[in-house]
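# Residue-level structure breakdown
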Amino acid sequence: MKLTTSFNRSLWVFHFNSGSCNGCDIEIVASLTPRYDPERFGVKLVGSPRHADVLLVTGPVTNQMVDRLQRIYAQMPEPKIVMVVGTCAQSGGVFSTSYNLAGPVDQIISVDVYVPGCAPRPEAIIQGVVTAIAKFERLHGSAKQ
Amino acid sequence: MTKKAPYIVPIGPIHPALKEPVHIELTVVGEEVISAEFTPGQTHRGIEWMGLSRNPVQIIHLTDRICGICGVTHSLAFARAVEQIADIAVPERADYIRTIIAEFERIQSHLLWAGVAAHELGFDTLFYLTWRVREEVMDVIECITGNRVSYDIIQIGGVRRDIAEVCTEQIRKCLDNYKGLFGKLKELFLEDTVINSRCKGIGILSFEDAMAYSTVGPTARASGCIADLRVDYPYAAYGDLNLKPIVPTVYGHDVNGDTYDRIVVRIFEIAQSIEIIEECLTNLPTGPILWEEKVAKILAACKKTEGEAVGRHEAPRGECLHYVAMDKADAPIAWKVKASSYSNLHVWPLILKGAQLADIPIIVASIDPCISCTDRVAVTDVGAGKTKIFTKEELTKMSYEKTRRMQK
Amino acid sequence: MTDKILSPESVTDRLTTILGAAVISSRIQTRAEGKEKRENTNIWIMIQRDVVHTAVEELMKIWYPHLSCIAGYDKGETSPYLRVQYIFSIYGGVSASEYMIIFSLDVPKSDARLPTITDLLEGAEFTEREKTEYLGITIDGLAPATHKFFLPQDFPDNIYPLRKDDKKIPGTMVKDLWARGRPPTQFDGSEE
């Protein structure tokens, strides 16, 4: 992978917790801390979806979060990438038989990158972000042609 | 002019980490909170209900995922309840391994909390520092259990993994390292002028309220309730240790029950946990780690029994309790989970009363719920009917600005 | 409140004497773990529903109790009763002498009501409201809730998650996420 102009603007990530157990959320914060330090590449968490390039979703999406998830997704500027972190965001995991779930995430919004694991290691999450960068480059490339 | 209408500030909606996600509504006049009300329950997943159609070994994996921070708390409490019903004797070595991993969890949870508290105060350098230090204990946890969060190490009748020789070495190295760091941690958190002035005397929970509201863990101990299950109600290897509950007086000052005292208790509990692990490691008995290795046999034993029991564990945040009733079937007929924060969240209205808006993040954080509760905050001007939305960022920014003002 | 630590037997005796015929059964359960096998004690007392307030009052005369929570379950689809447990502990803060005291009682589904104990222990409100939402038990003496505390605000009325009879969770509410869709198994390896 080589750096292209799409990297001029570093990836900003908005984190959305749709009802997870917090394990993934902690690992997401852990992957921002000095040991891994993706901030040196400009990858950081932002507080508003309007500033974000990547929507990072954890959790199996409870009924109450469906509308919020869709609204947050709509607020993000194009081009955007959705990344789901954790098993329960992908298939419900241990919560799959619950009565209050509407997920998984890809049934509600379209998903580009899946990071499986319960909970995934910080390295896996960073790998997911790198995959997102690759996808941005492809989008960028096809836009140029 | 009646422009001083009370404002309603809803904070929330949720933080799903706990079993009881929360939304707080504050009524404020100017900067001061005059009353607070809260609503948990927005990301309800019906975990107890799901448990009623699963067998105990399956539930163990579900309990690990009730909360991502308390990876061992819920499974330990649940396993202890089932073991009492089925009369399963846990091998001594397993009791010790359970204690060791539970104490490591306390260290990582308290460090995580300390980092977040520093972040809420606008002291991000300290936040990054504590989280860097925390990675070391995560490595040890990974070495012992194979996973960084959601350890899945507890099994009905013991533990699923032994502590290997290579881990023992790593554990000792990590503990020695932490002992060296403890002085620095104490200095940074307890002697810093800004932390002192931001945390002393705010978010006070009186001893009487702490008792009447049945609070647990560091929140209760910071208010002077010397209740600690590890001491009062011996279980696992805690009965073999000579422990004393940590109350704010360890730092040589009176009990005030404020946010500062809660920091004191947690910082000193890290040191206590280090001692407990060292003692357990030295006295680690030999022998099996499981009552029965074959899962089918464990399940058969559970299926044969009937009765009810409670399993308790002193989690990093306080007492965690599981009530289980079995009736000669695969699945339990009743399962009630009482997470630690369940007993602590309902003091928010008390400790937030009279606080300043900028102090809300640290007060809310001080009882150690999961922090991102303050996701979205809306301020409604009742008189004018206007709504201003505060994001968590803005609220945190207000908190930072207050810190800056104090530094001047 | 007495300062002397009573033995589990005398705590049980004291409560059974005062409550008299309202006590249906009682048992003391102990469990020992670790190398030294120091025991911890749980006292289970089955009582009539009417005396629950008195029982808590009497318990408070022994020691200021810690209320862990009120647990409850439905005894079965055909059973006319709900079972409720008031889970207390006393002598907290005294090294190795804390007991759990658990009052169990049956509540008929046809008249699912319990008195509040918030006049004795303020903090009980939270867990009492939970019983209303999960099991449909009306708590007498507690102001009606303005909103739900545990379940989502838009959760249907007259459905209680922990009930097993006709008020239980209908099958239509359960969407099996595992069956609904899973991520594609093939990874396209595009990051190279």
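None of these values were measured; they are calculated from a predicted model.

Looking only at helices and strands, one finds 4 helices and 7 strands in chain C. From first element to last, N terminus to C terminus, chain C shows the α and β order α-β-β-α-β-β-β-β-α-β-α. Relative to the 2.2 N^0.38 estimate, which gives 16 Å for 192 residues, the radius of gyration of chain C is 22 Å and therefore markedly larger than a compact globule would have. Along the longest, intermediate and shortest principal axes, the C-alpha atoms of chain C span 70 × 50 × 30 Å. Here chain C, with 192 residues, has 55% of them falling under the buried criterion.

Take the interface of chain A and chain B next. Buried accessible area, meaning the area lost when the parts come together, often serves as the stated size of an interface. Each side of the interface is counted separately: chain A has 34 residues, and chain B has 38 residues. Counting each side, the surface lost to burial between chain A and chain B is near 2,900 Å², with a carbon and sulfur contribution of 59%. Viewed at the interface, chain B and chain A are joined by 4 salt bridges. In this structure, Asp139(B) engages Arg35(A) in a salt bridge whose closest nitrogen and oxygen atoms are separated by 2.8 Å. Counting across the chain A and chain B interface gives 9 residue pairs in polar contact (both at pLDDT 80 or more). Mapped onto the side of chain A that touches chain B, the elements with two or more residues apiece are helix H1 (23-30) and helix H2 (65-75) of chain A.

Turning our eyes to something else, we now look at the sheet that holds strand E6 (residues 306-315) of chain B. Residues and elements named next belong to chain B. Taken together, the 3 strands give an open sheet; going across it, the order is E6-E7-E8, and neighbouring strands pair in antiparallel fashion. Either end of the sheet is taken by a strand with one partner, and the two such strands are E6 and strand E8 (334-338). The mean angle between the axes of side-by-side strands here comes to 10°, regardless of whether they run parallel or antiparallel. Pairing of E6 with strand E7 (residues 318-327), which is carried by 10 bridges, proceeds in the antiparallel orientation. Looking at the pairing, Ala315 lines up with Gly318 of E7.

Attention now goes to the sheet that holds strand E2 (residues 38-47) of chain C. Residues and elements named next belong to chain C. The strand order across the open sheet formed by 5 strands is E1-E2-E5-E4-E3, and the pairing between neighbours is mixed. Both edges of this open sheet fall to strand E1 (23-33) and strand E3 (66-74), since each of them pairs with a single strand only. The mean inter-strand angle of the sheet, taken between neighbouring strand axes irrespective of direction, is 20°. Against the sheet, helix H2 (residues 52-62) contacts E2, strand E4 (81-90) and strand E5 (99-108), and its axis sits at roughly 10° relative to E4.

All names here are of chain B. The geometry of helix H6 (residues 165-190) relative to helix H11 (residues 259-282) is characterised by a closest axis approach of 10 Å and an angle of 160° between their N-to-C directions. Compared by their axis directions, H6 and H11 come out roughly antiparallel. Crossing of H6 over H11 shows left-handed handedness. On H11, the residues touching Thr168, Ile171, Arg172, Leu175, Asp176, Tyr178, Lys179, Phe182, Leu185, Lys186, Phe189 and Leu190 of H6 are Tyr260, Ile263, Val264, Ile267, Phe268, Ile270, Ala271, Ile274, Ile277, Glu278, Leu281 and Thr282. When grouped by side-chain class, the residues that make up the contact of H6 with H11 number 17 nonpolar, 2 polar and 5 charged.

Once that is clear, we can look at the pairing of strand E3 (residues 54-58) of chain A. If a strand is regular, its side chains alternate between the two faces of the sheet. Residues and elements named next belong to chain A. Of all 5 residues that make up E3, 5 are buried, and the element is covered over most of its length. In the sheet, strand E1 (residues 12-17) pairs with E3 via 5 bridges, with the strands oriented parallel. Looking across to E3, one finds that Asn17 is bridged to Thr58. As judged from the 5 bridges shared by E3 and strand E4 (residues 81-85), these two strands associate in the parallel manner. Each residue of the ladder has a partner; that of Leu55, found in E4, is Val82.

On the side of chain B, 54 residues touch chain C, which itself brings 57 residues to the contact. Summing both partners gives a buried area of about 4,700 Å² for chain C against chain B, and 53% of it is carried by carbon and sulfur. Linking chain C with chain B are 4 salt bridges, by the criterion used here. Between Glu130(C) and Lys336(B) there is a salt bridge, with its nearest N and O atoms 2.9 Å apart. On inspection of chain C and its partner chain B, the count reaches 24 residue pairs in polar contact (both at pLDDT 80 or more). Looking at the side of chain C that touches chain B, the element that brings in the most residues is E3(C), giving 7 residues. Partitioned by chemical class, the residues of the side of chain C that touches chain B number 23 nonpolar, 19 polar and 15 charged.

Moving on, we come to the domain arrangement of chain B. Residues and elements named next belong to chain B. Once the domains are mapped, chain B shows domain 1 (7-43 + 343-407) and domain 2 (47-338). Residue-level contacts link 28 residues of domain 1 with 33 residues of domain 2. Across the domain 1 to domain 2 interface the summed buried area is about 2,700 Å²; carbon plus sulfur atoms make up 59%. On the surface where domain 1 and domain 2 come into contact, there are 1 salt bridge. Between Arg198 and Asp359 there is a salt bridge whose closest N-O contact spans 3.0 Å. The tally of links from domain 1 across to domain 2 stands at 8 residue pairs in polar contact (both at pLDDT 80 or more). Elements that contribute at least two residues to the side of domain 1 that touches domain 2 include exactly helix H13 (340-344), helix H14 (348-352), helix H15 (360-366) and helix H16 (392-407). Element by element, the count of residues in the side of domain 1 that touches domain 2 is highest for H16, at 9 residues. The residue inventory of the side of domain 1 that touches domain 2, partitioned by class, reads 14 nonpolar, 8 polar and 6 charged.

Once that is clear, we can look at the confidence of the model for chain C. Looking at chain C, the pLDDT average stands at 85 and 92% of residues meet or exceed 70. For this predicted complex, the interface score ipTM comes out at 0.89, alongside a pTM of 0.88.

Glycine aside, negative phi is the norm for most residues, and most peptide bonds take the trans geometry. A cis amide bond links Glu78(A) with the next residue in sequence, Pro79(A), at an omega value of -10°. Topologically, Pro79(A) is positioned in the loop between H2 and E4. A cis amide bond links Cys118(A) to the next residue, Ala119(A), at an omega of -10°. One can find Ala119(A) in the loop between strand E5 (113-115) and helix H4 (122-144). In the Ramachandran plot, Ser150(B) falls in the positive-phi region, its phi being about 50° despite a non-glycine side chain. By the secondary structure assignment, Ser150(B) is in the loop between helix H5 (124-145) and strand E4 (154-155). According to the relative accessible area criterion, Ser150(B) is buried, its value standing at 2%.

Here we take up the pairing of E2(C). Residues and elements named next belong to chain C. Among the 10 residues that make up E2, 8 are buried, leaving the element largely enclosed by the rest of the structure. Judged from the 10 bridges that link them, E1 and E2 form a sheet pairing that is antiparallel. In the sheet register, Ala32 faces E2, and the bridge partner there is Glu39. The hairpin formed by E1 and E2 contains 4 residues between the paired strands, and Gly34 there has a positive phi angle of roughly 80°. Across 6 bridges, E2 lies against E5 in parallel orientation. Bridging from a neighbouring strand, Trp44 pairs with Ile102 of E5.

This part is about the pattern of salt bridges. Applying the stated criterion across every chain yields a total of 40 salt bridges over all chains. Here Arg31(C) and Glu83(B) are joined by a salt bridge, their closest N and O atoms 3.8 Å apart. With Arg31(C) in strand E1 and Glu83(B) in helix H3 (residues 73-86), the pair connects residues from two separate chains. No difference in accessibility class separates Arg31(C) from Glu83(B), as the two residues are buried. For the salt bridge of Glu269(B) with Arg221(B), the shortest nitrogen-to-oxygen distance reads 2.5 Å. Residue Glu269(B) is located in helix H11, and its partner Arg221(B) is located in helix H9 (residues 217-222); the two are separated by 48 residues in the primary sequence. Residue Glu269(B) shares its accessibility class with Arg221(B), and that shared class is buried. Where salt bridges share partners, they join Glu103(B), Arg106(B), Arg221(B), Asp228(B), Arg230(B), Glu269(B) and Glu314(B) into one cluster.

So, how was this worked out
The numbering scheme is per chain: residues are counted from 1 as the chain's sequence reads. Labels follow written order: the first chain is A, the first ligand is 1, and so on. Whole-chain, interface and lining totals are the exception, using all residues; otherwise, since this is a predicted model, local features are given only for residues with pLDDT of at least 70 and side-chain atom pairs are given and counted only at 80 or more. Note: side-chain values were computed over all heavy atoms of the structure, leaving out hydrogens and water. Put simply, DSSP H or I for four residues or longer makes a helix, DSSP E for two residues or longer makes a strand, and each gets a number counted from the N terminus. Values of the radius of gyration come from C-alpha atoms, whereas the globule rule sets the reference at 2.2 Å times the count of residues to the power 0.38. Accessibility here uses a 1.4 Å probe with only protein chains present; expressed as a share of the type maximum, an area under 20% marks a residue as buried, one over 50% as exposed, and anything in between as partly exposed. Contacts between residues were defined by any pair of non-hydrogen atoms, one from each residue, lying within 4.5 Å. The term buried area means the drop in 1.4 Å probe accessible area that two parts suffer when joined, counted for both and summed. Salt bridges are identified by distance alone: a Lys or Arg side-chain nitrogen within 4 Å of an Asp or Glu carboxyl oxygen. The definition of a polar contact used here is a pair of N or O atoms within 3.5 Å, where within protein one atom must be able to donate a hydrogen and the other to accept one, and adjacent residues in sequence count solely through side-chain atom pairs. Strand pairing requires that DSSP identify at least two bridges connecting the strands. Angles shown run from 0 to 180 degrees and are taken between the N-to-C directions of axes, each axis being a line fitted to C-alpha atoms and, for helices, limited to the stretch in contact. Here the word oblique covers every angle except those under 35 degrees (roughly parallel), over 145 (roughly antiparallel) and from 65 to 115 (roughly perpendicular). By definition, turning the near helix anticlockwise from the far helix through less than a right angle yields a left-handed crossing, and turning it clockwise yields a right-handed one. Each residue gets one label: Ala, Val, Leu, Ile, Met, Phe, Trp, Tyr, Cys and Pro are nonpolar, Asp, Glu, Lys and Arg are charged, and the others, such as Gly, are polar. Segmentation of the chain into domains, including their bounds, is taken from an automatic or database domain assignment. Each residue carries a pLDDT score, the predictor's confidence in it, ranging from 0 to 100.

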